[in-house]
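Residues per chain are reported as follows:
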Amino acid sequence: MASPRRNWLDWERGLAVLFMVEVHTLDAWLAPGVGQGLLRDVLLMMGGFAAPSFLFMSGLSQQLADASAARRGVAPGPRLRGALSRALWLLGVAYAFRFAEFVLGGAFRVSGGWRDILRVDILNVIALSLALAALLGWAARGRAAFPAFALATAAIAAAAPLAAAWQHPESRLLDYVYATFPRANFSLVNWSAFLLAGSAVGRLLRDRDRPALLLALGAALFAGGWLGDLLPAVYRHQDFWHTSPAWFAMRLGGVLALTALCQLVPATAAPALSALRTLGRHSLLGYIASIELTYGFWSHPVHRALSLTGTLLGIAAMVAVTWAASAVAERWAAWREGRRPAAPPPPPTPAVAA
């Protein structure tokens, strides 16, 4: 059985997958002007935690994996190269996925449709942010790592309104810094700050879980963001829902609280939450399924065509399909693991003379 630490990591990833499936289905299938009210607002609020949670968990997981490698005696250099290789692999996956969308979605039949391949999306941002976090963690080691990650998080969040007001020429490289749809769905500013915040928290959790501390930090951030939004704007360009540091603080506070609550779930709940863990272990597959099956040509007849009740049924169906795909991937991984030859036993430890 996985350790409790691994369980809460997968549980939180699983919740992020559920939030993601819900908000993608709601956005893609609900008819315009339908379902206005409290329920829709609650669904949108829940779905809004998907991307911040994925980014946060990516940074946190990277730091925990780095700590595990350090305990095994892996030197900082090889750890950095491994982290950069994984980031580069994910960047390749991001562009490969956009290319598959270009082909399967028929965008090649539209003039200029190839530009969608170059659109900056969340996988692109996660990949480059992981590379940035790896370099920062390598440069600032030991006790300097946490303040370095925390300061980088604050700096990027504070720079978001300035980046949004920057009138820069159109460039696919500058799109990574800040751009809006259709050139980008996500940008490094300010979304990478969620991943760096996860890296900072990962430094705090290298030795043990700290749910009380995370709850306190989350409450302080949420309160600070809420109070900050009541003050006069300090930026010329400040959009609360996209670039405001107050929005970032409140959303990060919610993610920290969610992490703490997952840590507080007892290990004895693992069997009951096995489905959630399965979703979390295959979150990349869940992302691909939630994009392709909700926005792709597979579901074209229901695009922007359902009532709120129909959309809720669609969300339930998409959750079931995503879990089924994750369960198949889990079985496949277990089968492959079972086919691997057993590792040779370690050599006996020589006796030490007294």
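Residues numbered from 1 in each chain as written. Predicted model: local features only at pLDDT ≥ 70, side-chain atom pairs only at ≥ 80, totals over all residues. Heavy atoms only, no water.

Looking at an unreviewed UniProt entry, one finds the chain named Acyltransferase 3 domain-containing protein, with Anaeromyxobacter paludicola as its source organism.

A. Focus on the overall build of the chain. Counting its regular elements, the chain contains 12 helices and zero strands. In sequence order, the chain lays out its α and β elements as α-α-α-α-α-α-α-α-α-α-α-α. On C-alpha atoms alone, the chain measures out to a radius of gyration of 21 Å, which is about the 20 Å that the 2.2 N^0.38 rule sets for 354 residues. Its C-alpha atoms put the chain at 80 × 50 × 40 Å along the principal axes. Evaluated residue by residue, the chain yields a buried proportion of 45% over its 354 residues. A sequence separation of at least 24 residues applies to 83% of the contacts in the chain between residues at least 6 apart. Of the accessible surface of the chain, which amounts to about 18,500 Å², a share of 69% is contributed by carbon and sulfur atoms. A gap of 9 Å separates the mean positions of the 30 positive and 18 negative side-chain charges of the chain. (Helix = DSSP H or I, 4+ residues; strand = E, 2+ residues; numbered from the N terminus. Rg over C-alpha atoms; globule rule 2.2 N^0.38 Å. Buried < 20%, exposed > 50% of the residue type's maximum accessible area, 1.4 Å probe, protein only. Contact = heavy atoms within 4.5 Å. Areas by Shrake-Rupley, 256 points an atom, 1.4 Å probe, with all protein chains shown as cover. Lys, Arg positive; Asp, Glu negative; His and termini not counted. Charge placed at Lys NZ, Arg CZ, Asp CG, Glu CD.)

B. View of the side chain of His 282. Within the fold, His 282 resides in the loop between α10 (274–281) and α11 (283–295). Classification of His 282 as buried rests on a relative accessible area of 15%. Within the structure, His 282 has its side chain in polar contact with the side chain of Glu 330 (distance 2.6 Å). Once residues lying within four places of it in the same chain are set aside, the contact partners of His 282 are Ser 326, Ala 329 and Glu 330. (Polar contact = N/O pair within 3.5 Å; in protein donor to acceptor, adjacent residues only side chain to side chain.)

C. Region of interest: helix α12 (residues 308–339). The end-to-end C-alpha separation of α12 is 47 Å, in line with the 46 Å expected for 32 residues at 1.5 Å each. Those residues of α12 lying buried are Leu 308, Thr 311, Gly 314, Ile 315, Met 318, Thr 322, Ser 326, Ala 327 and Ala 329. (Expected span 1.5 Å × (residues − 1).)

D. Spatial organisation of the packing of aromatic side chains. Under the defined criterion, the tally for this structure stands at 10 aromatic pairs. Ring plane angle 75° and centroid distance 5.7 Å describe the contact between Trp 191 and Trp 247, whose orientation is recorded as edge-to-face. Placement of the pair is Trp 191 in helix α7 (residues 188–204) and Trp 247 in helix α9 (residues 245–264), with a sequence separation of 56 residues. Note on accessibility: Trp 191 and Trp 247 belong to one class, buried. Ring-pair connections join several aromatic residues into one group, and the members of that group are Phe 186, Trp 191, Phe 194, Trp 247 and Phe 248. (Phe/Tyr/Trp six-rings, centres within 6.5 Å; stacked < 30°, edge-to-face > 60°.)

E. Representation of the packing of helix α6 (residues 145–165) against α7 in the model. One way to put it is that α6 packs onto α7 with a least axis distance of 8 Å and a crossing angle of 165°. As summarised for this structure, α6 and α7 are arranged roughly antiparallel, according to the angle between their axes. Both α6 and α7 take part in a crossing whose hand is left-handed. Along its contact with α6, which presents Ala 145, Phe 146, Phe 149, Ala 150, Ala 152, Thr 153, Ile 156, Ala 157, Ala 159, Ala 160 and Ala 163, the element α7 presents Leu 188, Val 189, Asn 190, Ser 192, Ala 193, Leu 196, Ala 197, Ser 199, Ala 200, Arg 203 and Leu 204. Per-class residue counts for the contact of α6 with α7 are 17 nonpolar, four polar and one charged. (Axes fitted to C-alpha atoms, helices over the stretch in contact; angles between N-to-C directions. Parallel < 35°, antiparallel > 145°, perpendicular 65-115°, else oblique. Left-handed = near helix turned anticlockwise from the far one by under 90°. Nonpolar A, V, L, I, M, F, W, Y, C, P; charged D, E, K, R; others polar.)

F. Up close: the side chain of Arg 13. As for its placement among the helices and strands, Arg 13 is situated in helix α1 (residues 4–29). Among the polar contacts made by the side chain of Arg 13, one reaches the side chain of Ser 61 at a distance of 2.6 Å. Residues within four places of Arg 13 in sequence aside, it is in contact with Arg 6, Phe 54, Met 57, Ser 61, Gly 280 and Ser 283.

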